[in-house]
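Next come the chains, spelled out residue by residue.
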Amino acid sequence: MSDTSSFRALVVSKDGENLSYAIQNLTEADLPPGDTVVDVSYSTLNYKDALVLKNLGRLVKSFPHVPGIDFAGTVRHSESAILTPGQKVILTGWRVGETRFGGYAERARVPAEWLVPLPEGLSLEGAMAVGTAGFTAMLALMALERHGVLPESGDLLVTGAAGGVGSMAVAMAARLGYRVIAATGRTEESDYLRSLGATAIMPRAELIAAAGKPLQSERFAGAVDAVGGGVLAGILPQIRYGGAVAACGLAGGSELHTTVIPFLLRGVSLLGIDSVMQPRAARIAAWERIATTLPAELITRMTRQVTLEDLPRLADEILAGHVRGRIVVDVKKQKGAS
Ligand SMILES: NC(=O)c1ccc[n+]([C@@H]2O[C@H](COP(=O)([O-])OP(=O)(O)OC[C@H]3O[C@@H](n4cnc5c(N)ncnc54)[C@H](OP(=O)(O)O)[C@@H]3O)[C@@H](O)[C@H]2O)c1
């Protein structure tokens, strides 16, 4: 179906090494292939979006490019039998916003199988406040549960706690009944983290100090780690016998210098978490779990709303580790408009 009407998008262009950003009018002819076009209402700013916006990490193969790894909106038209026009849907991952145009536009085209129906209890805006960050946090918590790390097992550590994945993990784990220890480099965010449900705050430096030691006292039943690097190396020696760490992120580094001793002497497991290529059934299950775990009021407390025009500036802030919680992009709102 061809629709020649235009819509707004944040387009990143590259001239030599210089990047420029502009709000441009596109049509569906500009969009990548797929059987479904979605009217996008909201997107998000994740750490990975910032990498894309600044052309770091070799994520974008060609320019001009429309970033946005997540979006939520309404099916405009679809050739697939699994969706109907007017249905509310969520997209995260699948390398949308990296290898193909993403959610920083009023319309997006993708294969229908990539879209998850909006679960009951979540609004489109709420879904993007959760976004890839919250989806990843829930995948991590579900992986720990499958491993037998349950609220009664002992303390659960969350690292990068003031960031997107971390805030979501703290809030959801606390609602699920865990005693949550929030590790952060920003202890000035302690009140915020306690308001999300953290029981105790741990300075990030304390974890890094434990890196390289084969074993320490058994402090945590499990951990959700959004940081990697020295922080992950400092967690492993402190996990209790039979416990596990769900490794989600690399905000503090992609290298891991450690010993195998916690694996061999304490049966500790390192669980890898990938949100990008998760199969559809697992996505639907995680989103339904999110909708029943996170109250709307708590989502609001973790979120601030911005426009497409704000994103290039905010990308610098998130890369510098200065953003608290989650950023929702109201894609249709124009800067200055009320
Ligand atoms: N596996 C997946 O599928 C998946 C999905 C989503 C995200 N991720 C990854 O998860 C990580 C977090 O993503 P996000 O969107 O939550 O980002 P974010 O909002 O920027 O949060 C990252 C947090 O990590 C901590 N941090 C930042 N720089 C650091 C440094 N140099 N050393 C140590 N800690 C640092 C900060 O927490 P404090 O201020 O509390 O210390 C920061 O708030 C990223 O690496 C991202 O790529 C992976």
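Residues numbered from 1 in each chain as written. Predicted model: local features only at pLDDT ≥ 70, side-chain atom pairs only at ≥ 80, totals over all residues. Heavy atoms only, no water.

### Observations regarding the site of the ligand
For step 1, the next point in the chain: In the vicinity of the ligand there are 24 residues, among which Val 165, Thr 184, Gly 185, Arg 186 and Arg 204 approach most closely.
For step 2, the next point in the chain: Backbone polar atom of Cys 248 to a nitrogen atom of the ligand: 2.9 Å apart, as the coordinates give it.
For step 3, the next point in the chain: Taking Ala 251, its main chain carries an N or O atom lying 3.1 Å from an oxygen atom of the ligand.
For step 4, the next point in the chain: In isolation the ligand has 920 Å² of accessible area, and contact with the protein removes 86% of it.
For step 5, the next point in the chain: Because more than half of its atoms lie within 2 Å of the grid, the ligand is assigned to the largest pocket.
For step 6, the next point in the chain: Of all elements in the fold, only helix H2 (124-146) and helix H3 (164-175) reach the threshold of two or more residues within the shell around the ligand.
For step 7, the next point in the chain: Each residue belonging to the shell around the ligand can be placed in one class, and the counts come to 11 nonpolar, 10 polar and 3 charged. (Near = heavy atom within 4 Å. Polar contact = N/O pair within 3.5 Å; in protein donor to acceptor, adjacent residues only side chain to side chain. Areas by Shrake-Rupley, 256 points an atom, 1.4 Å probe, with all protein chains shown as cover. 1 Å grid on protein atoms, 1.4 Å probe; cavity = no way out; pocket = protein on both sides within 12 Å on 5 of 7 lines; lining within 4 Å. Sits in = over half its atoms within 2 Å of the grid points. Helix = DSSP H or I, 4+ residues; strand = E, 2+ residues; numbered from the N terminus. Nonpolar A, V, L, I, M, F, W, Y, C, P; charged D, E, K, R; others polar.)

### Focus on the packing of aromatic side chains
For step 1, the next point in the chain: According to the stated counting rule, one finds 2 aromatic pairs in the structure shown.
For step 2, the next point in the chain: Here Trp 94 and Trp 114 contribute two aromatic rings whose centre-to-centre distance is 5.5 Å and whose plane-to-plane angle is 10°, an arrangement assigned as stacked. One end of the pair, Trp 94, is in the loop between strand E5 (88-92) and strand E6 (107-110); the other, Trp 114, is in the loop between E6 and strand E7 (116-117), with 20 residues separating them in the sequence.
For step 3, the next point in the chain: Relative to Trp 287, the ring of Phe 135 has its centre 5.8 Å away and its plane inclined at 5°; by these criteria the two rings are stacked. Remark: Trp 287 occurs in helix H8 (residues 280-293) and Phe 135 occurs in helix H2; sequence separation between them is 152 residues.
For step 4, the next point in the chain: On the basis of relative accessibility, which here comes to 1%, the residue Trp 287 falls in the buried class.
For step 5, the next point in the chain: Taking the ring centre of Tyr 192 as reference, the NZ or CZ of Arg 324 above it sits at 4.1 Å. (Phe/Tyr/Trp six-rings, centres within 6.5 Å; stacked < 30°, edge-to-face > 60°. Buried < 20%, exposed > 50% of the residue type's maximum accessible area, 1.4 Å probe, protein only. Lys NZ or Arg CZ within 6 Å of the ring centre and 35° of its normal.)

### Some thoughts on helix H10 (residues 311-319)
For step 1, the next point in the chain: For H10, the complete set of buried residues consists of Leu 311, Pro 312, Leu 314, Ala 315 and Ile 318. Each buried residue of H10 sits inside an arc of 160° when the element is viewed along its axis, so together they form one side.
For step 2, the next point in the chain: Contact partners of the buried residues in H10: strand E1 (7-15), strand E2 (18-26), helix H1 (47-53), strand E14 (303-306) and strand E15 (326-330).
For step 3, the next point in the chain: Looking at the residues trailing H10, positive phi occurs at Gly 321, about 75°. (Arc of directions from axis to C-beta. Contact = heavy atoms within 4.5 Å.)

### Comments concerning the domain arrangement of the chain
For step 1, the next point in the chain: We note that the domain assignment places domain 1 (7-118 + 302-330) and domain 2 (132-272) within the chain.
For step 2, the next point in the chain: Using C-alpha coordinates to define each centre, domain 1 is positioned 29 Å away from domain 2.
For step 3, the next point in the chain: Contact residues are listed per partner, giving 13 residues for domain 1 and 14 residues for domain 2.
For step 4, the next point in the chain: Considering only the surface of domain 1 that becomes buried against domain 2, Met 302, Arg 324 and Arg 326 emerge as the three largest contributors, covering 52% of it. (Domains from an automatic or database assignment. Buried area = accessible area lost by both parts, 1.4 Å probe.)

### Description of the pairing of E14
Regular strands place their side chains on alternate faces of the sheet.
For step 1, the next point in the chain: Where E14 meets E15, 4 bridges bridge the pair, whose relative direction is parallel. Note that in E15 the partner of Arg 304 across the bridge is Ile 327.
For step 2, the next point in the chain: Each parallel crossover has a hand, and the one from E14 via H10 to E15 is right-handed. (Pairing = 2+ DSSP bridges. Right-handed = clockwise from strand over helix to strand, strands pointing away.)

### Details of the packing of H2 against H8
For step 1, the next point in the chain: Running from N to C, H2 and H8 point in directions that differ by 105°, and their axes come no closer than 9 Å. The orientation of H2 relative to H8 falls into the category roughly perpendicular. Along its contact with H2, which presents Ala 127, Val 130, Gly 131, Gly 134, Phe 135, Met 138, Leu 139, Met 142 and Glu 145, the element H8 presents Arg 283, Ala 285, Ala 286, Trp 287, Arg 289, Ile 290 and Thr 293.
For step 2, the next point in the chain: Considering only residue class, the contact of H2 with H8 consists of 10 nonpolar, 3 polar and 3 charged. (Axes fitted to C-alpha atoms, helices over the stretch in contact; angles between N-to-C directions. Parallel < 35°, antiparallel > 145°, perpendicular 65-115°, else oblique.)

### Regarding the pattern of salt bridges
For step 1, the next point in the chain: Applying the stated criterion to the full structure yields 19 salt bridges.
For step 2, the next point in the chain: With a closest N to O distance of 3.6 Å, Arg 107 and Asp 3 form a salt bridge. One end of the pair, Arg 107, is in strand E6; the other, Asp 3, is in the segment before E1, and 104 residues separate them in sequence.
For step 3, the next point in the chain: Classification of Arg 107 as buried rests on a relative accessible area of 5%.
For step 4, the next point in the chain: Judged by its relative accessible area of 21%, Asp 3 falls in the partly exposed class.
For step 5, the next point in the chain: With a shortest N-O distance of 3.4 Å, Arg 313 and Glu 317 are connected by a salt bridge. Of this pair, Arg 313 and Glu 317 are both found in helix H10, 4 residues apart, which corresponds to roughly one turn of the helix.
For step 6, the next point in the chain: Residue Glu 317 is classed as partly exposed on the basis of its relative accessible area of 25%.
For step 7, the next point in the chain: When salt bridges that share partners are traced, they join Asp 3, Glu 28, Asp 39, Arg 76 and Arg 107 into one network. (Salt bridge = Lys/Arg side-chain N within 4 Å of Asp/Glu carboxyl O.)

### Some details on the environment of Ala 251
For step 1, the next point in the chain: Tracing the backbone through its elements, the reader meets Ala 251 in the loop between strand E12 (239-247) and helix H7 (261-266).
For step 2, the next point in the chain: Separated by 230 residues in the primary sequence, Ala 251 and Tyr 21 have C-alpha atoms spaced 25 Å apart.
For step 3, the next point in the chain: If we skip the residues at most four places from it in the chain, Ala 251 touches Tyr 47, Ala 226 and Val 227.

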